[in-house]
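A structural walkthrough
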Amino acid sequence: MSIFNEARKELWSEIQGLSDEMLNKRPAEDEWSIQEVIDHLKKIDLMALQILKEQIKHAPVKSIEDKPVHQLEDRSSKRKAPPYAEPERKTADALTLKAELDNVRTQLTSVIAAFHNEDFQRVLPHPIFEELTVRQWLDFIGHHERRHIKQIKEVKQKLL
């Protein structure tokens, strides 16, 4: 589960000290602001929280092949966010953004902390990879977050 935690630390490091203007400004009308990237990440954590809470009890324990979730970090292939993960465009300060994201992550890690070893082998549906074990789901979240850390770096370069 290290990528899950490491990516979050990297995210906070990347946005630490940014002004509210930098967080909320879009580099172009058709590109996300850093605030929108963070809101998208919050919605991904919320989706995972919902799936893990509602479906874990009935999810089968089975072996499936490792999925290439690490490939999500490659930003050369663009994807459109599904409607449930589209960010809300709003003006927010860094403390508010961090509090919102930390709140959801705290709930998510609380659910995960209650899992037994067997639960990490349970298989759940996934919108891109069709199905992932819980362990692969958590790796997906970390790699997805790293993808968007790269996006944040791109936004910062465009705004400087």
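Please read these numbers as outputs of a predicted model, since none were measured by experiment.

**Focus: the pairing of strand β1 (residues 123-126)**
Where β1 and strand β2 (residues 130-133) come together, four bridges link them in antiparallel fashion. Bridge pairing in β2 places V123 opposite T133. Taking the residues that link successive antiparallel strands as the turn, the β1-β2 hairpin has three residues.

**Here we look at the packing of aromatic side chains**
Inspection of the entire model under this criterion finds two aromatic pairs. Here the aromatic rings of W137 and F140 are separated by 5.6 Å at their centres, their planes lie at 80°, and the arrangement is edge-to-face. Residue W137 and its partner F140 are both found in helix α5 (residues 134-159); the two are separated by three residues, about one turn of the helix. A relative accessible area of 2% means that W137 is categorised as buried.

**Looking at the UniProt feature "domain: DinB-like" (unreviewed entry) in the chain**
Per the UniProt record, the feature "domain: DinB-like" (unreviewed entry) sits at residues 4-152. Its end C-alpha atoms 18 Å apart, residues 4-152 is made of 52% helix and 5% strand.

How each quantity is defined
- Residues numbered from 1 in each chain as written.
- Predicted model: local features only at pLDDT ≥ 70, side-chain atom pairs only at ≥ 80, totals over all residues.
- Heavy atoms only, no water.
- Pairing = 2+ DSSP bridges.
- Helix = DSSP H or I, 4+ residues; strand = E, 2+ residues; numbered from the N terminus.
- Phe/Tyr/Trp six-rings, centres within 6.5 Å; stacked < 30°, edge-to-face > 60°.
- Buried < 20%, exposed > 50% of the residue type's maximum accessible area, 1.4 Å probe, protein only.
- UniProt positions renumbered as here; feature names shortened; annotations may be inferred.

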